[in-house]
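Each chain, written out:
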Amino acid sequence: MNKFFIVVRDNNRDKIKLAKQIIKSIEDRGGVADMAVLGTDYEMLSDTDCILAMGGDGTMIRAAERSIGLDIPLLGINFGHMGYLCDLDKDSVFSAIDRLFKDEYDIEKRMMLAGRISPTEDDISKSVALNDVIIKSCEDQHVSRLSVYVNDKYLFTYDCDGIIISTPTGSTAYNLSAHGPIVSPETKLILLTPINPHTLNARSIVLDSEDVVSVKLIPKSSEADDKVSVSFDGRHRRHLRVGETLVVNRANAEAKMVRLSEENFLERIRNKMQA
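Definitions and limits used
- Residues numbered from 1 in each chain as written.
- Predicted model: local features only at pLDDT ≥ 70, side-chain atom pairs only at ≥ 80, totals over all residues.
- Heavy atoms only, no water.
- Pairing = 2+ DSSP bridges.
- Helix = DSSP H or I, 4+ residues; strand = E, 2+ residues; numbered from the N terminus.
- Phe/Tyr/Trp six-rings, centres within 6.5 Å; stacked < 30°, edge-to-face > 60°.
- Buried < 20%, exposed > 50% of the residue type's maximum accessible area, 1.4 Å probe, protein only.
- Lys NZ or Arg CZ within 6 Å of the ring centre and 35° of its normal.
- Right-handed = clockwise from strand over helix to strand, strands pointing away.
- Axes fitted to C-alpha atoms, helices over the stretch in contact; angles between N-to-C directions.
- Core = buried A, V, L, I, M, F, W, Y, C linked by side-chain atoms within 4.5 Å.
- Contact = heavy atoms within 4.5 Å.
- Lys, Arg positive; Asp, Glu negative; His and termini not counted.
- Salt bridge = Lys/Arg side-chain N within 4 Å of Asp/Glu carboxyl O.
- Polar contact = N/O pair within 3.5 Å; in protein donor to acceptor, adjacent residues only side chain to side chain.

Caption draft 1: Spatial organisation of the pairing of strand β16 (residues 235–241). Pairing of strand β15 (residues 227–232) with β16 involves 6 bridges; the strand directions are antiparallel. The residue bridging Ser 231 from the neighbouring strand is His 236, located in β16. Counting the residues between successive antiparallel strands, the hairpin from β15 to β16 contains 2 residues, one of them, Asp 233, with a positive phi of roughly 50°.

Caption draft 2: Seen up close, the packing of aromatic side chains. Overall, the coordinates contain 4 aromatic pairs when judged by the stated rule. Here Tyr 149 and Tyr 154 contribute two aromatic rings whose centre-to-centre distance is 5.5 Å and whose plane-to-plane angle is 65°, an arrangement assigned as edge-to-face. Judged by relative accessible area, which is 22%, Tyr 149 ranks as partly exposed. Stacked on the ring of Tyr 42, the Lys or Arg Arg 66 has its end atom at 4.0 Å from the ring centre. Above the ring of Tyr 149, the side-chain terminus of Lys 216 is found at 4.8 Å from the ring centroid.

Caption draft 3: Layout of the pairing of strand β1 (residues 3–8). Burial analysis of β1 places 5 of its 6 residues in the buried class, which makes it a mostly covered element. Of the pairings in the sheet, the one linking β1 to strand β2 (residues 32–37) comprises 6 bridges and is parallel in character. When the bridges of β2 are listed, Val 7 appears paired with Ala 36. Viewed along the sheet, the connection from β1 through helix α1 (residues 13–28) into β2 turns out right-handed.

Caption draft 4: The sheet that holds strand β11 (residues 162–166), seen in detail. Across the sheet, which stays open at both edges, the 6 strands sit in the order β13-β12-β11-β8-β15-β16 with antiparallel pairing between neighbours. Both edges of this open sheet fall to β13 (205–208) and β16, since each of them pairs with a single strand only. Across this sheet, the average inter-strand angle for adjacent strands is 20°, counted without regard to direction.

Caption draft 5: Geometry of the nonpolar core. Grouped together as the largest cluster of nonpolar side chains are 26 residues, with contacts concentrated most on Val 133, Ile 135, Ile 163, Ile 165 and Leu 246. Discounting residues that sit within four places of it in the chain, Val 133 has contacts with Leu 113, Ile 163, Ile 164, Ile 165, Val 230, Ser 231, Phe 232, Leu 246 and Val 248. Counting 24 residues, the second largest nonpolar core, distinct from the first, contains Ile 22, Ile 26, Ile 77 and Ala 96.

Caption draft 6: Expanded view of helix α2 (residues 57–66). Counting buried residues along α2, 8 of its 10 residues qualify, which places the element largely inside the surrounding structure. Among all positions in α2, only Asp 57, Thr 59, Met 60, Ile 61, Arg 62, Ala 63, Ala 64 and Glu 65 are buried. As for α2, its buried residues are in contact with β1, β3 (50–55), β4 (74–78), β16 and β17 (245–259).

Caption draft 7: View of the side chain of Asp 211. With respect to the secondary-structure elements, Asp 211 resides in the loop between β13 and β14 (213–218). There is no salt bridge for the buried Asp 211, and the closest opposite charge comes from Lys 153, which lies 9.8 Å off by N-O distance. Of note is the side chain of Asp 211, whose polar atom sits 2.9 Å from the side chain of Asn 151.

Caption draft 8: Molecular detail of the environment of Arg 145. Tracing the chain through its elements places Arg 145 in strand β9 (residues 144–150). The exposure class assigned to Arg 145 is partly exposed, which follows from its relative accessible area of 27%. Taking the C-alpha atoms as reference points, Arg 145 and Asp 71, separated by 74 residues in sequence, lie 39 Å from one another. Sequence-distant contacts of Arg 145, defined by excluding residues within four places in its chain, comprise Thr 157, Tyr 158, Asp 159, Lys 216, Leu 217, Ile 218 and Lys 220. Reaching out from Arg 145, the side chain makes a polar contact with the side chain of Asp 159 at a distance of 2.7 Å.

Caption draft 9: View of the side chain of Arg 110. Inspection of the secondary structure assignment puts Arg 110 in strand β6 (residues 106–118). In this structure the side chain of Arg 110 is engaged in a polar contact, spanning 3.1 Å, whose partner is the side chain of Thr 169. In this structure Arg 110 touches Leu 85, Leu 130, Thr 169, Pro 185, Lys 188, Glu 254, Ala 255, Met 257, Arg 259 and Arg 268, once residues within four positions along its chain are discounted.

Caption draft 10: Fine view of the environment of Ala 96. In this fold, Ala 96 is placed in helix α3 (residues 93–101). With relative accessibility at 3%, the residue Ala 96 sits in the buried group. Sequence spacing of Ala 96 and Ser 261 is 165 residues, and the spatial spacing of their C-alpha atoms is 9.5 Å.

Caption draft 11: Local environment of the pattern of salt bridges. Under the definition given, this model contains 16 salt bridges. In the salt-bridge network here, residues are joined through shared partners; they are Asp 87, Glu 108, Arg 110 and Arg 259.

Caption draft 12: Up close: unusual backbone geometry. Phi is positive for Asn 151, close to 55°, though the residue is something other than glycine. Here Asn 151 shows up in the loop between β9 and β10 (153–160). In the Ramachandran plot, Asp 233 falls in the positive-phi region, its phi being about 50° despite a non-glycine side chain. Looking at the secondary structure, you find Asp 233 in the loop between β15 and β16. On the basis of relative accessibility, which here comes to 7%, the residue Asp 233 falls in the buried class.

Put into structure tokens, the structure is as follows:
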């Protein structure tokens, strides 16, 4: 690797200063590097070897969104709290650059999710999710009734605050807060976790990666005009209304993560949770 693009979370002075130091370090080694602040209009060259995302897991997710179709691996430099997706911190980045130039790294492929609204065929499939697709009540303290189907077969109807449909990567995100299982990010599966279900027997369900999950909003009264919010990786896309179905399946796109750490997944989780 010798061509890099740095995505910085914001215009924080320390982050910008470090980004410029990284660029100089890369150029001193004969490489090429450029940078942009997240949220601004930027374009990466298709021959970029690696995206360095400086921030936290959110920065990694947004950088992954922008890299879809470019087949460019990402490497996170953690400035956040947990940083499950980030392999580096600001103290280890320069030694990591040496290893990247020597091609001393591994690439992990992470599955993503896509979705669409039926019967309107409102195409939100470009709104892919690296972490999760979340269906959630629009109002606080409002319980929604959501019926779930897997491969067109009825599974269960939840009275709940919402449902998380998660990738393995997203198992350590909202899914974890909702008491869903933690799974290795390189596995290929879909996690279904209800949010605050109003029943004693509701549990997370682990599905095959090729399964298709459908969620329907059920009215709680004949006059109800209920709606729930649908978001991809925390970004609201639209509302799901009574009579509509959100269909979620594995996306064609995959995210690629550069892995430099010699820690395995379980060691990484243990160290993050003890931080």
